[in-house]
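Coordinates in review
So the chains spell out like this:
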There are 4 protein chains.
Amino acid sequence: MRGPFAPAYLVGDQSNVLPTDTQKNTAFAFAKSVGVDTIENYGLALARHFVTDVEPGPTAAGPGASRSDVTAVRSGIEGARIEIEEYAWERAVVDGAEHDHTWLRTGQEVRTAAVTVDATGEYVIGGLKDLTILKSTGSEFAGFLKDEYTTLPETHDRVMATALSAKWRFEGTEVAWDAVYAKAKAIMVREFATLQSLALQQTLWHMGRAVIEEIPSIVEVRLVAPNKHHFVVDLSPFGLENPGEVFIAADRPYGLIEAQVLRDDAPPAHDAWLFSAGLA
Amino acid sequence: MRGPFAPAYLVGDQSNVLPTDTQKNTAFAFAKSVGVDTIENYGLALARHFVTDVEPGPTAAGPGASRSDVTAVRSGIEGARIEIEEYAWERAVVDGAEHDHTWLRTGQEVRTAAVTVDATGEYVIGGLKDLTILKSTGSEFAGFLKDEYTTLPETHDRVMATALSAKWRFEGTEVAWDAVYAKAKAIMVREFATLQSLALQQTLWHMGRAVIEEIPSIVEVRLVAPNKHHFVVDLSPFGLENPGEVFIAADRPYGLIEAQVLRDDAPPAHDAWLFSAGLA
Amino acid sequence: MRGPFAPAYLVGDQSNVLPTDTQKNTAFAFAKSVGVDTIENYGLALARHFVTDVEPGPTAAGPGASRSDVTAVRSGIEGARIEIEEYAWERAVVDGAEHDHTWLRTGQEVRTAAVTVDATGEYVIGGLKDLTILKSTGSEFAGFLKDEYTTLPETHDRVMATALSAKWRFEGTEVAWDAVYAKAKAIMVREFATLQSLALQQTLWHMGRAVIEEIPSIVEVRLVAPNKHHFVVDLSPFGLENPGEVFIAADRPYGLIEAQVLRDDAPPAHDAWLFSAGLA
Amino acid sequence: MRGPFAPAYLVGDQSNVLPTDTQKNTAFAFAKSVGVDTIENYGLALARHFVTDVEPGPTAAGPGASRSDVTAVRSGIEGARIEIEEYAWERAVVDGAEHDHTWLRTGQEVRTAAVTVDATGEYVIGGLKDLTILKSTGSEFAGFLKDEYTTLPETHDRVMATALSAKWRFEGTEVAWDAVYAKAKAIMVREFATLQSLALQQTLWHMGRAVIEEIPSIVEVRLVAPNKHHFVVDLSPFGLENPGEVFIAADRPYGLIEAQVLRDDAPPAHDAWLFSAGLA
């Protein structure tokens, strides 16, 4: 929430503060009254409600209220941002048929949405996180900058694996959310699979580029991908060759690779808040 | 490992101790030389190697070595127990076809194996863990014991969900491991889905019973299942009915329900070590 | 809980089952009515209550009830086992003095208790877990068994670190729990610090031995310690020596070392349930 | 790292990319050659090195390189940002004296640093995270905005607890890092303890304000604090009063409260990158 909360911070006056407990109640009530057909629409309904329906507190005055007039501010919530995670389930298969009321969690990835509503408009960021994906060949890393601390050998065939997080920004809110989600994920998987990778940076950028080129409603894609290194184990002390068959999947340290792709004709995100709620 | 390790504990004499680093090397080398067609066979190969192939240390003597003759013990590793976890992957689908070298992690569950080889024989425990499964109806909990601290209302329709862990003990080692794994999992899912549940205890027991009845090579099943409570949210303060539609999935506290099913004609596990390596 | 629960498993009859929800309520109520001076005494009170105070259900009959007479069993809860974790807090220091009502979590370790009450008596297992401890010298590992897969060099000076879990079994329940806890921890830390370690096995065993020798009420100690390897980083490619100054703290794989020390004149734990509730 | 990495993203040309593996090597080498007296100074040394010492790659050209001339860019790394976490240890006490070479992890909090060096200057963000702190009284929450979804009762005495994360921005790099860290932490703990809290927002703001007022080198403080709710358990069904003695520490959902305090005469952070590396 954004709004005239200075009195709450400065002197502990809560009269403009809608408690997080109330926000929780609202989330549950809207799950029933509005429903959760898609997390994007549910988030829009919640965000609109907080900005539109909640009456100003008795001492609210406006965003320009300064430290000297904190007792005089007078207005309601000015901006709301809703983040949602969706866990995927699939019907259990029993005797060859999908079961009526039994479900299994499926896959690793979590679908995400971040919806912001404020005086400037409505903004939806779709996304996913923790999509664990690996290619067992078709990945190189060579020709890189070398300095006195460089010991990494070049390679033209390596395992590339990551737990992908991606966020995509929509223009507009009239979107077939489920269809677009499926398509965006399929495009990213396709690019990851079919592009001969010269670096994770390149792979990420082309994943984002393809999404923007093929889905008109998406104007920006941001990707974060830990490079989950798979090192070939040296089996020569035991008289064994190991032509890329046995690897150790290392935990730490790893490189965290990021990419951001913005459509040429798209406005930049006017507010970092759209993508990330945290102050830091 | 079990063996003549008293000198290592009592006086720090490592002459009978095969380092964990060597064990790690062996695991990698066997991944290449033996392969990992199934984790059960791979575990058997490793366990047999440690018990059979490793030469006794210079001071090993036997399992009867007592504190007073620790300098005289003389024999090799007497028992080895290998625990393995297998993470499942599926081929990525690109343009409608399974891709040649790109993979996605699938589902939540982890396949497990625990293989023990010692002088008395070879023992395999198959299993899985973290199979997240939920049924949205077909579960009751009523008629339970009540005392002065009981406030739980009876219910004849609730959500039942868990993250199942199961272990099954085989008789013999000539088993079609992959086929049996798929069948055991399918049976447990079927029973979870189709049995009208009167309690998680009952559901677990019938899951185990069905596995034993339908898979001759399995003689014992042990199940552990946290009761992941889904509480109906009270929406009446907001003028809304909630006939089992909106739930809060609580984290803690929860009941941890366990079941153990042993075939009538099966010997009990001769050694708790078969199922669990830990001392405590 | 142990008791006549066969009907619950076999036919879903809950009449002898005290719900986990009731157990939770009881835990909260006892926190008020009995108090939590020590977790050991609180656990004893809870376990005694479940075994002594809870009235049998209408269909309880006895532990010998078999499958054929599940409708005739008739008796109450026969055994209760309570596991508790205690998180440590210390008073915040403000302007040089301990503050009246502000607290900080202290250290990493968690104090544990496992209390069992059944027809054979009352048993208390004290303990701690996740005590992160490291010695920067005074640790060796040499003279170990070598085979064709051994590549580890011997060392007479290494970092040894672990996240210790320990459980100790008491004889009797008239114990100054807090004082004994502090003493047991201090003894284990002292042995870890002062013993020239020839292996983690040796260190663990001597930690347990010292506890048993110096605290008469403790008759058995079990320790589990992951060997948290700190590898010296090879800085020679950069023209730097690294005489045990820069390490990489590896996550996986690691050796899990265990030790069990039993006083000569002590009875063995009559039931694995005392130390561990899980079936597997 | 920031720099002329467009070719890496667009066409997979790594010639300006210093591998993360090299960065890792450099971190280890500097731990030896520079040392880690404080994480802030160590971070400064690393960041300066990457920006100053690394030779441009053969195809680097400059930050203005656009998509059309990616093959012609020609310059080195333009900005480096180093994030570091420091885990605290204290000497083990053996027989009343601090031991020479044995250490225990202390407390929960992790000290953090984020150091940025680029063409505009050098910036240090100090901080901590996961400082688990609780006050058992001296906290209220009342007078808040109420709407149709509000059910929370007002309270003038509650438990307030959090796992605090804080980041503070320095002006300049000539700072007694360790002394300032200790002082900043002590100030925040003091304010948390002594301010009668009317809301977590107010508490956070006053913690930040006090740091800025008492430490001249710090010009901005950002705090993030999950409101770890402790709910009074209703014991009335069991005939017991519970005047704020027995609580349930809930996991989810919780309110995430944030505050940002900027000195009036301080420039705002010119770049979100200073506080947070992630794109999203």
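In the superposition of chain D on chain A (RMSD 0.0 Å, axial shift 0.0 Å), the rotation amounts to 180 degrees. Put plainly, the chains are arranged around a two-fold axis. Of every C-alpha in chain D, the one belonging to A272 of chain D sits nearest the axis of rotation, 4.3 Å from it. Looking at the interface residues of chain D, 98% of them are also at the interface in chain A, so both copies use one shared face.

Our focus in this paragraph is the interface of chain D and chain A. Facing the 57 residues of chain D at the interface are 57 residues of chain A. Taken over both partners, the interface formed by chain D and chain A buries close to 4800 Å², and the fraction arising from carbon and sulfur atoms is 62%. At the surface where chain D touches chain A, the tally comes to zero salt bridges. Here chain D is connected to chain A by 18 residue pairs in polar contact (both at pLDDT 80 or more). Elements with a minimum of two residues in the side of chain D that touches chain A: α1 (6–11), α2 (20–33), α5 (200–214), β5 (218–227) and β8 (255–262) of chain D. Here the side of chain D that touches chain A takes eight residues from α2 of chain D, the largest share from any one element. Residues that form the side of chain D that touches chain A fall into these classes: 28 nonpolar, 20 polar and nine charged.

Taken together, the contact between chain B and chain D spans ten residues of the former and ten residues of the latter. For the pair chain B and chain D, the summed buried surface comes to about 770 Å²; carbon and sulfur atoms form 59% of the total. Among the residues of chain B in contact with chain D, F238, D251 and R252 of chain B are the three that bury the most area, contributing 54% of the side total. Residues D251 of chain B and R252 of chain D are paired through a salt bridge, measuring 2.7 Å at the closest nitrogen-oxygen approach. Counting across the interface, chain B meets chain D through two residue pairs in polar contact (both at pLDDT 80 or more).

Moving on to the relation of the copies chain B and chain D. It takes a turn of 180 degrees to lay chain B on chain D, together with a shift of 0.0 Å along the axis; the resulting RMSD is 0.0 Å. With an isologous cut-off of 70% or more, the 100% of interface residues of chain B that recur at the interface of chain D puts this contact in the isologous class.

For the rest of this paragraph, the subject is the packing of helix α2 (residues 20–33) of chain A against helix α3 (residues 39–52) of chain A. Residues and elements named next belong to chain A. One can describe the packing of α2 onto α3 by two numbers: an axis separation of 11 Å at closest approach and a directional angle of 130 degrees. In this view, α2 runs oblique relative to α3, as classed from their interaxial angle. In the packing of α2 onto α3, the handedness of the crossing is right-handed. Here Q23, T26, A27, F28, F30 and A31 of α2 come into contact with α3, specifically with Y42, A45, L46, H49 and F50. For the contact of α2 with α3, the class distribution of residues is eight nonpolar, three polar and no charged.

Let us look at the pairing of strand β1 (residues 79–94) of chain A. Residues and elements named next belong to chain A. For β1 and strand β2 (residues 97–118), the ladder comprises 14 bridges, and the chain directions are antiparallel. Bridging from a neighbouring strand, I84 pairs with A113 of β2. Linking β1 to β2, which pair antiparallel, is a turn of two residues; within it D95 sits at a positive phi near 50 degrees.

In an α-helix there are 3.6 residues to a turn, and that puts residues three or four apart on one side. All names here are of chain C. An ideal rise of 1.5 Å per residue puts 20 Å on 14 residues; helix α3 (residues 39–52) measures up with 20 Å between its terminal C-alpha atoms. Burial within α3 is extensive, with ten of its 14 residues counted as buried. For α3, the full list of buried residues reads I39, E40, Y42, G43, L44, A45, L46, A47, H49 and F50.

Next up on the list: the packing of helix α4 (residues 177–194) of chain D against α5 of chain D. Residues and elements named next belong to chain D. Contact geometry of α4 with α5 gives a least axis separation of 9 Å together with a crossing angle of 140 degrees. One way to sum up the angle between α4 and α5 is to call them oblique. α4 and α5 meet at a crossing whose hand is right-handed. On the side of α4, the interface is formed by K183, A184, I187, M188, R190, E191 and F192, while α5 contributes T203, H206, M207, R209, A210, V211 and E214. A per-class count over the contact of α4 with α5 returns seven nonpolar, two polar and five charged.

Checked against the element boundaries, T132 of chain A lands in strand β3 (residues 121–135). If near-sequence neighbours (up to four positions away) are discounted, T132 of chain A is found in contact with Q108, T162 and A163 of chain A together with W89, W103, L104 and R105 of chain B.

In the predicted model, chain A carries a mean pLDDT of 91, and the fraction of residues at 70 or more is 92%. Here residues 61–75 of chain A is a poorly scored stretch, pLDDT under 50, and it has 34 contacts once near neighbours within four places are set aside; other chains count.

Reading the values: the criteria
Residues numbered from 1 in each chain as written. Chains lettered and ligands numbered in written order. Predicted model: local features only at pLDDT ≥ 70, side-chain atom pairs only at ≥ 80, totals over all residues. Heavy atoms only, no water. Least-squares fit on C-alpha atoms with pLDDT ≥ 70 in both. Contact = heavy atoms within 4.5 Å. Buried area = accessible area lost by both parts, 1.4 Å probe. Salt bridge = Lys/Arg side-chain N within 4 Å of Asp/Glu carboxyl O. Polar contact = N/O pair within 3.5 Å; in protein donor to acceptor, adjacent residues only side chain to side chain. Helix = DSSP H or I, 4+ residues; strand = E, 2+ residues; numbered from the N terminus. Nonpolar A, V, L, I, M, F, W, Y, C, P; charged D, E, K, R; others polar. Axes fitted to C-alpha atoms, helices over the stretch in contact; angles between N-to-C directions. Parallel < 35°, antiparallel > 145°, perpendicular 65-115°, else oblique. Left-handed = near helix turned anticlockwise from the far one by under 90°. Pairing = 2+ DSSP bridges. Expected span 1.5 Å × (residues − 1). Buried < 20%, exposed > 50% of the residue type's maximum accessible area, 1.4 Å probe, protein only. pLDDT = per-residue confidence, 0-100.

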